[in-house]
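# Topology and contacts: notes
So the chains spell out like this:
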Amino acid sequence: MAGIVITSPEGLAELKQVVLEAVDQSEPPGGLREDEPLFGPDSRLDLDSLDALQLSMAIQTRYGVRMPDSKQTRLALQSLTHLAQHLQAAREQQQQASP
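The rules behind these values
- Residues numbered from 1 in each chain as written.
- Predicted model: local features only at pLDDT ≥ 70, side-chain atom pairs only at ≥ 80, totals over all residues.
- Heavy atoms only, no water.
- Helix = DSSP H or I, 4+ residues; strand = E, 2+ residues; numbered from the N terminus.
- Contact = heavy atoms within 4.5 Å.
- 1 Å grid on protein atoms, 1.4 Å probe; cavity = no way out; pocket = protein on both sides within 12 Å on 5 of 7 lines; lining within 4 Å.
- Points joined across faces, edges and corners; volume = space filled by probe spheres on them.
- Nonpolar A, V, L, I, M, F, W, Y, C, P; charged D, E, K, R; others polar.
- Core = buried A, V, L, I, M, F, W, Y, C linked by side-chain atoms within 4.5 Å.
- Buried < 20%, exposed > 50% of the residue type's maximum accessible area, 1.4 Å probe, protein only.
- Polar contact = N/O pair within 3.5 Å; in protein donor to acceptor, adjacent residues only side chain to side chain.
- Expected span 1.5 Å × (residues − 1).
- pLDDT = per-residue confidence, 0-100.

## Notes on the environment of Gln 54
Position of Gln 54 among the secondary structure elements: in helix α2 (residues 49-63). Considering only alpha carbons, one finds Gln 54 and Gln 85, 31 residues apart in sequence, at a separation of 20 Å. Gln 54 has contacts with Ala 22 and Val 23, leaving out every residue within four places of it along the chain.

As structure tokens, then:
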């Protein structure tokens, strides 16, 4: 996954698939917008805390980024855009930390 920038259109498309597969959902009618809420009353996916756990595990498996239960994680899971930005920042930190 080192070649694709997660915030690029290709990266966001892949991330969308990871999210939908992790929570065992189909894309809602009209598609899932990048800025659309993933959780909460405005979410068309109607995800819950178990979905958040499954999504966190899928992200760790696919992208190697741990998503602990924290305020930062809740902010990251607001939308695909927020999640992509969080993952890209985490990846950049990991790259800087490795020699």
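## Quick look at the layout of surface pockets
Here the largest pocket defines a volume of roughly 340 Å³. Lining the largest pocket are 16 residues, with Ala 52, Ser 56, Asp 69, Thr 73 and Leu 77 sitting closest to its centre. Residues of the lining of the largest pocket, tallied by class, amount to seven nonpolar, six polar and three charged.

## Some words on the nonpolar core
Core analysis: the biggest nonpolar cluster contains 25 residues, and Leu 15, Ile 59, Tyr 63, Met 67, Leu 83 and Leu 87 have the highest contact counts within it. Those elements that place two or more of their residues in this core are α1 (9-22), α2 and α4 (80-97). With six residues, the top contributor of residues to this core is α1.

## Regarding the side chain of Ser 43
Position of Ser 43 relative to the elements: it lies in the loop between α1 and α2. Residue classification places Ser 43 among the buried residues on the basis of a relative accessible area of 10%. In terms of polar contacts, Ser 43 uses its side chain to reach the backbone carbonyl oxygen of Leu 38, at 2.8 Å. Non-local contacts of Ser 43, meaning those with residues more than four positions away in its chain, are made with Pro 37 and Leu 38.

## What about α4?
The end-to-end C-alpha distance of α4, which contains 18 residues, comes to 26 Å, matching closely the 26 Å that a straight helix rising 1.5 Å per residue would cover. Buried within α4 are the following residues: Leu 80, Leu 83, Ala 84, His 86, Leu 87, Gln 88, Ala 90 and Arg 91. The inward-facing, buried residues of α4 abut α1, α2 and α3 (71-76).

## A short note on the confidence of the model for the protein
Of the residues in the protein, 96% reach a pLDDT of 70 or more, and the chain-wide mean stands at 91. Between the elements of the protein, mean pLDDT differs from a low of 89, seen in α3, to a high of 96, seen in α1.

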